[in-house]
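Residue strings, one per chain:
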Amino acid sequence: MSSLQSLFLIMTLGLIVSPDCHSAERHPNVLFIAVDDMNDWVGCLGGYSAEVHTPNIDKLAARGMLFNNAHCPAPVCNPSRTAILTGLRPSTTGIYDNGAWWRPALPEVVSLPECFQRGGYLVAGGGKVFHHTPGFNPPEQWNEYFLQVFDDHWHRPGSLETLPVKGIHWPAGFPLNQLPNVKNGKRPPANPKEFDWGAMSKSDREMGDGQMVDWAKRFLKQSHDQPFFLATGIFRPHLPWYAPKKYFDLYPLDEVELPRVPDDDLDDIPEAGCKMAEYRGDEWEYLKANNHWKKAVQAYLASISFADAMVGELLTALEKSPHADHTIIILWSDHG
Ligand SMILES: [Ca+2]
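Cut-offs used in this document
Residues numbered from 1 in each chain as written. Predicted model: local features only at pLDDT ≥ 70, side-chain atom pairs only at ≥ 80, totals over all residues. Heavy atoms only, no water. Donors = N, O, S within 2.8 Å, 3.2 Å for Na, K, Ca; no water. Tetrahedral: all angles 85-135°; square planar, octahedral: opposite > 155°, others 65-115°. Helix = DSSP H or I, 4+ residues; strand = E, 2+ residues; numbered from the N terminus. Buried < 20%, exposed > 50% of the residue type's maximum accessible area, 1.4 Å probe, protein only. Phe/Tyr/Trp six-rings, centres within 6.5 Å; stacked < 30°, edge-to-face > 60°. Lys NZ or Arg CZ within 6 Å of the ring centre and 35° of its normal. Contact = heavy atoms within 4.5 Å. Expected span 1.5 Å × (residues − 1). Salt bridge = Lys/Arg side-chain N within 4 Å of Asp/Glu carboxyl O.

**Some details on the coordination of the calcium ion**
At step 1: Looking at the metal site, the calcium ion is ligated by Asp36 (OD), Asp37 (OD), Cys77 (SG), Asp334 (OD), Asp334 (OD) and His335 (NE2), spaced 2.1 to 2.9 Å from it.
At step 2: The coordination sphere of the calcium ion comprises six donor atoms, whose angles at the metal cover 49 to 156 degrees; the geometry is irregular.
At step 3: We note that the donor set of the calcium ion lies within a single chain, spaced as D-D-x39-C-x256-D-H. Of this pair, Asp36 sits in the loop between strand S2 (29–35) and helix H1 (55–63) while Asp334 sits in the segment after strand S9 (327–333), and the two are 298 residues apart along the sequence. Across this residue pair, the class does not change: Asp36 and Asp334 are buried.

**With respect to the packing of aromatic side chains**
At step 1: For the structure on display, the rule yields 17 aromatic pairs.
At step 2: Between the aromatic rings of Phe195 and Trp197, the centroid separation amounts to 5.1 Å while the plane-to-plane angle is 65 degrees, which identifies the pairing as edge-to-face. Side by side, Phe195 and Trp197 carry an identical accessibility label, which is buried.
At step 3: Three or more aromatic residues joined by ring pairs form one cluster here, namely Trp41, Tyr48, Phe195, Trp197, Trp241 and Tyr300.
At step 4: Its guanidinium or amino end placed over the ring of Tyr279, Arg187 lies 4.5 Å from that ring's centre, counting from NZ or CZ.

**Re the environment of Lys186**
At step 1: Mapped onto the elements, Lys186 comes out in the loop between helix H7 (180–184) and strand S6 (197–200).
At step 2: Dropping the residues within four chain positions of it, Lys186 is found in contact with Asn181 and Pro192.

**What about helix H11 (residues 293–320)?**
Helical geometry: 3.6 residues make up each α-helical turn, so side chains three or four residues apart lie on a common side.
At step 1: Over its 28 residues, H11 extends 41 Å from the first C-alpha to the last, a length consistent with the 40 Å expected when each residue adds 1.5 Å.
At step 2: Most of H11 is tucked away, with 22 of its 28 residues classed as buried.

**Looking at the pattern of salt bridges**
At step 1: The final tally for this structure, using the stated rule, is 16 salt bridges.
At step 2: Note that Asp151 and Lys202 form a salt bridge whose closest N and O atoms lie 3.9 Å from each other. Linking Asp151 in the loop between strand S5 (144–146) and helix H6 (159–162) with Lys202 in the loop between S6 and helix H8 (208–221), this pair joins segments that are 51 residues apart in sequence.
At step 3: The class for Lys202 is partly exposed, based on a relative accessible area of 31%.
At step 4: Here Asp249 and Lys245 are joined by a salt bridge, their closest N and O atoms 3.0 Å apart. With Asp249 and Lys245 both in helix H9 (residues 245–249), this residue pair falls four residues apart, about one helical turn.
At step 5: Given the relative accessible area of 47%, Asp249 is considered partly exposed.

Written out as structure tokens, the structure reads:
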């Protein structure tokens with residue numbers, strides 16, 4: 001289980017050396033890329049038993065520093081992200097799940113974007129940086145924010161400000177995986193609204209992540225009076241595993257390998273962890289009973305490769321920008 005919960009980081013730094021460039025005296029910019037729910041199934045970490053297509057992340061790892069023994073602070077979004085963005089472990093904050101709003105619990109804490117803001121940085125964010133439910137991303141800590149655009153029923157303008165709202169949007173043909181329980185809203189799964197996967201007939205830039213990346217590319221094209229901290233939160237490979245069809249085509253179903261699940265996998269896990277595994281374990285049984293395990297793995301792989309393509313778009317935009325030689329790049333995932 002530990003490999004599924006790993007968090008990895010890649011850092012690179014380019015420093016200005018040109019003597020005629022005034023920005024040599026400035027603090028470096030930071031491009032901070034979060035990828036949601038991505039485990040070690042990337043080429044540079046070798047966590048998947050077969051080939052996985054992550055050329056952009058692998059290229060970044062090759063030119064930077066890869067932290068291949070990093071561990072996530074918690075196996076779900078909110079506590080992991082709160083820990084990363086405040087520097088405090090869940091055992092210090094008391095935030096262990098997705099329901100606890102971090103700001104009222106930590107009124108004195110200075111978050112990472114606030115820290116940069118106080119240090120004279122221009123602080124911009126887009127997509128899912130803090131957890132994506134309402135109130136979890138205090139707007140005053142950003143100079144500019146591009147709200148997350150969802151590809152599923154969350155998708156609506158300004159969704160982070162207004163959730164929960166009326167007018168649920170379902171992708172055409174929902175559920176794309178055609179699983180009966182998902183169609184009928186029954187358990188398992190615990191959350192049938194997002195327990196879906198399939199190829200979308202959309203271009204990269206029509207996807208929610210693609211729209212966020214387009215915004216970030218526009219930000220990178222501009223020159224800025226201050227050094228910047230640009231946080232970009234890519235939502236895939238978080239469920240639902242929707243991605244353009246070309247990413248599914250990378251992984252023909254008959255070539256998809258299932259992960260090894262040892263019988264004693266939970267023997268070294270504390271009781272609380274076993275309860276968590278038990279709580280969602282029925283979803284895996286449901287997949288197997290409906291002949292969907294391989295299809296789910298295929299969709300997760302496709303979503304990883306789509307996220308990798310989004311990382312590539314950001315890196316290319318940075319390379320072409322006036323900031324290319326004076327920006328630290330950090331890539332991380334909150335958990336697998
Ligand atoms: Ca997550």
